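Here's the letter readout for the chains.
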Amino acid sequence: MAQTEANPEKTGRRGAELRRRLRIVRQNPPLLAGAIIVSGTVLVALFSGVIVNPNSYKILNFPSALCWSNPIYTWGIPNLKACPGKTFYPLGADNYGRNLLDVIILAVPLDLEVSLVVVASAIVIGITAGGTAAYVGGWVDEAILRVTDVFLAIPSLVLGLVLLTTLGQTFPKSGFAIITFALVIIWWPYYVRLIRSQVIAEKQKPYVQALRSVGAGNVRILFRHIIRNSIYPIFVQGSLDIGGVILVFSAFTFLGFSPSPQIPELGSLVNAGIDNVFIAPWLVLFPGLTIVTISLGFNLLGDGLRDALDPRFRR
Amino acid sequence: MPLRPNSQSGGAGLLKLHEYLLRRLLLTIFVLLAISVITFSITRGLLPPATALTGYLRLGETDQTKLSIAQAVGVATKSCPSFSAFLNSQKGCVVPLWDQYFYWLVDVSKGDWGYSNLPPTAATAPTLTIFAERFPYTLQLAMASAALTILVGFFLGIISATRANRVPDHLSRLSAIVGYSIPAFWFGFILQIAVVLYLAVRGFPLLPVSGALGTGCALCVANPGQIGTYTTIPLFDSLLSGNLAYFWDTLLAMILPAITLSIVPIAILSRILRSSMIEALSQDYILLARSKGLRDWVVIYRHALRNAILPAITACGLIFASFLGGVVVVEYVFTYPGIGAAALAASRNLDINFLELDVLVSALIIVVANLIVDVLYVYLDPRIRY
């Protein structure tokens, strides 16, 4: 208490800084919308086991399979199956008679987790390889760049398809690790490129010279100073890519590369719905809509962050 | 023209361009070789030799046949006495990985990609034949998507830039972000649901939802008959044969897959075009053109767009990659008989030969597209010198 009174100017400045930041968020509707969707998604993912009984996806109830009990919308399907019993299915029931809303809520954590792990791993590889390439330069830079060229030349879905085929044959029992690994292989070159260009721009600046002149080591300059100063664009790209990874991850589980299709996962859910797509369209619509929402949230957040952090757009 | 001597570098502009092109070409060859190494490593390098075979063996074959298949695939040596000796990885029976790569590369460069086990022939037709049969379908789908991408992408980009920070711009930017967030596999099914459930005429969907030749749809011609082979691309062959019914049905069947395939490329293109158009519209020559009293559309399309188009061309590689990857999902969703659906089938049948061909051809297309873009750039933009 005494401290704050002793330094009123500082708290005032801090309050102004906070107000300025809040204004940036308010003047930037994409950022606001993205932040709301992302925090909502994260909350649902963290507490999915509390919101819904975590084992409810194992309880099968065949009499209510593919039924619809929400009177607000009836799809215009002539012989829509009404749900028996008292249970209310707001998003309909799936082909095992489970409440689709519950299954979707249980599926969110896995999709989010895989995307986070993939983007985090890609950033770590990018910082290590891209930072080294830019800082050391010369043939090391050239070699690392050429390797990224090679990986970037293969379309990501094709690369992932082949990797999942062969890795799935070689390590049949490793669960979602294979698909995560394949996604990291797809995404790391982008981060090497991004971080390399960041570091190249940053290492020309006077403060790097100053650090060198006071005798700071190369590793210290690179990782403690340069990377820290170029972290915002990496965050922006990371947010955008979480939205992208979810799409590719669910595309692969949709195509049948899920190691255990009975585990709730949004892509597998869409896949499970396609056999009855014209009888029970909600089985495809809602899991996919969840993917769109999550991906859109991260894309809006990344886009808004870029505008907010870029001084050229600052008002 | 870009070949004007550059005063600052003492008139060496021409020589430098040649040097640049040569360097670029050598680099491309190197990248292609490296891609072959990567392809080989992620297919045969990752698979144990016996597993690499499983896609090509059938039930009830004698050990002698199996051994000859193993030798044909290139995993067993010619001197190997029996198949069980190969399975037990007896000394001198399994070809070392480096030798495998070398033999594979020699065969592949001669056009011998082995046999594909994909239906209908099941391991009796050369992989290249199977691929060549399906590629025209993917090509026509990609061409339709490219046309759609250019049309819609330019429209959205120009609308955005000319009405920057107003409602049309916000809508166009929002649709680009939504486009980046839509999973193609889901959107394909949403289109199918919409057409089958809500756009049906007397029980028939308005547009076909599967196959390369529309059947059972309201707008389709029932039996379009046969066409000759001129270009192998059905869309063109039907026109060249004068079979308009066939052309119509082929076109109808491409509408939904092409829309699904072009969502992401449209988002890419409209974003790039927006920023480059805004940049171009803020230049002095636009102010001059406007002050001369030129009409708005002349200023936008003749002056600004021509200069804004260059960055959009750079996105070609990205857009090609999006098409070649996207077809895997889109062709599966619409049961379209192209290379994407075939690659997925090959993955399920463990048809390594087909997957290798698919990866290398995709990479080749992208690398060559990037090369052409880079060279084109030098000719299109006189300011660029290397």
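Residues numbered from 1 in each chain as written. Chains lettered and ligands numbered in written order. Predicted model: local features only at pLDDT ≥ 70, side-chain atom pairs only at ≥ 80, totals over all residues.

A. Expanded view of the overall build of chain A. In terms of regular secondary structure, chain A is built from 13 helices and zero strands. Going residue by residue from the N terminus, the α and β elements of chain A occur as α-α-α-α-α-α-α-α-α-α-α-α-α. Principal-axis analysis of the C-alpha atoms places the extent of chain A at approximately 80 × 60 × 35 Å. In chain A, buried positions account for 46% of the 315 residues. Taking the intrachain contacts of chain A between residues at least 6 apart in sequence as the baseline, contacts between residues at least 24 apart amount to 72%. (Helix = DSSP H or I, 4+ residues; strand = E, 2+ residues; numbered from the N terminus. Buried ≥ 20, exposed ≤ 12 C-beta atoms within 10 Å, placed from the backbone. Contact = placed C-beta atoms within 7 Å.)

B. Seen up close, the overall build of chain B. Across its full length, chain B carries 15 helices and four strands. Taken along the three principal axes of its C-alpha coordinates, chain B extends 85 × 75 × 40 Å. Out of the 386 residues in chain B, the part that is buried amounts to 41%. Long-range contacts, defined here as pairs at least 24 residues apart, represent 62% of the contacts in chain B between residues at least 6 apart.

C. Examining the nonpolar core more closely. With 184 residues, the main nonpolar core has Val158(A), Val329(B) and Ala343(B) as its most contacted residues. The element that contributes the greatest number of residues to this core is helix H5 (residues 100–136) of chain A, accounting for 19 residues. Residue assignment places this core across two domains, with domain 1 (41–128) and domain 2 (129–380) of chain B each supplying three or more. (Core = buried A, V, L, I, M, F, W, Y, C linked by C-beta atoms within 7 Å. Domains from an automatic or database assignment.)

D. Geometry of helix H7 (residues 167–181) of chain B. Over its 15 residues, H7(B) runs 21 Å from end to end, which matches the ideal 21 Å to within 8%, given 1.5 Å per residue. Along H7(B), the residues that are buried comprise Ser172(B), Arg173(B), Ala176(B), Ile177(B), Gly179(B), Tyr180(B) and Ser181(B). Here the buried face of H7(B) lies against helix H11 (231–257) and helix H13 (282–309) of chain A together with helix H6 (127–162) and helix H10 (244–281) of chain B. (Expected span 1.5 Å × (residues − 1).)

E. Broad picture of the packing of helix H6 (residues 138–152) of chain A against helix H8 (residues 177–202) of chain A. All names here are of chain A. Interhelical geometry of H6 versus H8 gives an angle of 140° and a closest axis separation of 9 Å. In this view, H6 runs oblique relative to H8, as classed from their interaxial angle. Considering the relative orientation of H6 and H8, their crossing is left-handed. On the side of H6, the interface is formed by Ile144, Thr148, Phe151 and Leu152, while H8 contributes Pro189, Val192 and Arg193. Its residues assigned to classes, the contact of H6 with H8 comprises five nonpolar, one polar and one charged. (Axes fitted to C-alpha atoms, helices over the stretch in contact; angles between N-to-C directions. Parallel < 35°, antiparallel > 145°, perpendicular 65-115°, else oblique. Left-handed = near helix turned anticlockwise from the far one by under 90°. Nonpolar A, V, L, I, M, F, W, Y, C, P; charged D, E, K, R; others polar.)

F. The arrangement of the interface of chain A and chain B in detail. In this complex, chain A contributes 40 residues to the contact, which on the side of chain B involves 43 residues. Broken down by secondary-structure element, the contributors of at least two residues to the side of chain A that touches chain B are H6, helix H7 (156–170), H11 and H13 of chain A. Broken down by element, the residue count for the side of chain A that touches chain B peaks at 11 residues, all from H7(A). Among the residues forming the side of chain A that touches chain B, the class breakdown is 26 nonpolar, 11 polar and three charged.

G. Highlighting the environment of Trp188(A). Residue and element names in this part refer to chain A. If you trace the backbone, Trp188 turns up in helix H8. The class of Trp188 is buried, set by 23 C-beta atoms lying within 10 Å. Distance from Trp188 to Ser64, taken between C-alpha atoms, is 45 Å for residues 124 residues apart in sequence. Not counting chain neighbours up to four residues away, the residues in contact with Trp188 comprise Ala122, Ile125 and Gly126.

H. Molecular detail of the domain arrangement of chain B. Residue and element names in this part refer to chain B. For chain B, the assigned domains are domain 1 (41–128) and domain 2 (129–380). In this structure, domain 1 and domain 2 have C-alpha centres spaced 38 Å apart. Listed by partner, the interface residues are 15 residues for domain 1 and 16 residues for domain 2. Class assignment of the residues belonging to the side of domain 1 that touches domain 2 gives a composition of seven nonpolar, seven polar and one charged.

I. Here's a closer look at the packing of H8(A) against H11(A). Residues and elements named next belong to chain A. Remark: H8 packs on H11, axes separated minimally by 10 Å, with the N-to-C direction vectors making an angle of 160°. One way to sum up the angle between H8 and H11 is to call them roughly antiparallel. The two elements H8 and H11 meet at a crossing, and its hand is right-handed. Seen from H8, the contacting residues are Ile179, Leu183, Ile186, Trp187, Leu194, Ile195 and Gln198; seen from H11, they are Pro233, Ile234, Gln237, Asp241, Val245, Val248, Phe249, Phe252 and Phe257. For the contact of H8 with H11, the per-class residue count stands at 13 nonpolar, two polar and one charged.

J. View of the confidence of the model for chain B. All names here are of chain B. When pLDDT is averaged along chain B, the result is 85; 94% of the residues meet or exceed 70. Scored below 50 in pLDDT, residues 1–13 shows 17 contacts in the model against residues more than four places distant or in partner chains. Reported confidence for the predicted complex is 0.89 by ipTM and 0.90 by pTM. (pLDDT = per-residue confidence, 0-100.)

K. Examining the confidence of the model for chain A more closely. Considering every residue of chain A, the mean pLDDT works out to 87; 95% of them sit at 70 or more. Counting contacts from residues 1–6 of chain A, a segment whose pLDDT is below 50, to residues more than four positions away or on other chains yields one contact.

L. Region of the structure containing helix H12 (residues 296–314) of chain B. Residue and element names in this part refer to chain B. Taking 1.5 Å per residue, 19 residues should reach 27 Å; H12 reaches 27 Å between its end C-alpha atoms and fits that length. At Leu305, H12 shows its largest kink, close to 50°. Buried within H12 we find Val299, Ile300, Ala304, Leu305, Ala308 and Ala312. Against H6, H10 and helix H11 (284–291) lie the buried residues of H12. (Bend = angle between axes of the 7 residues up to and from the residue.)

M. The environment of Phe236(B), seen in detail. Residues and elements named next belong to chain B. Mapped onto the fold, Phe236 is located in helix H9 (residues 234–240). Exposure remark for Phe236: the 17 C-beta atoms within 10 Å place this residue in the partly exposed category. Separated by 96 residues in the primary sequence, Phe236 and Gln140 place their C-alpha atoms 8.9 Å from one another. Residue contacts for Phe236: discarding those within four places in its chain leaves Tyr230 and Thr231.

N. Up close: unusual backbone geometry. Residue and element names in this part refer to chain B. Despite not being glycine, Asn165 shows a phi value in the positive range, around 60°. Among the residues examined, Asn165 registers 9 C-beta atoms within 10 Å and is labelled exposed. Even without glycine at this site, Thr232 takes up a positive phi of about 70°. In this structure, Thr232 sits in the loop between strand S4 (204–205) and H9.

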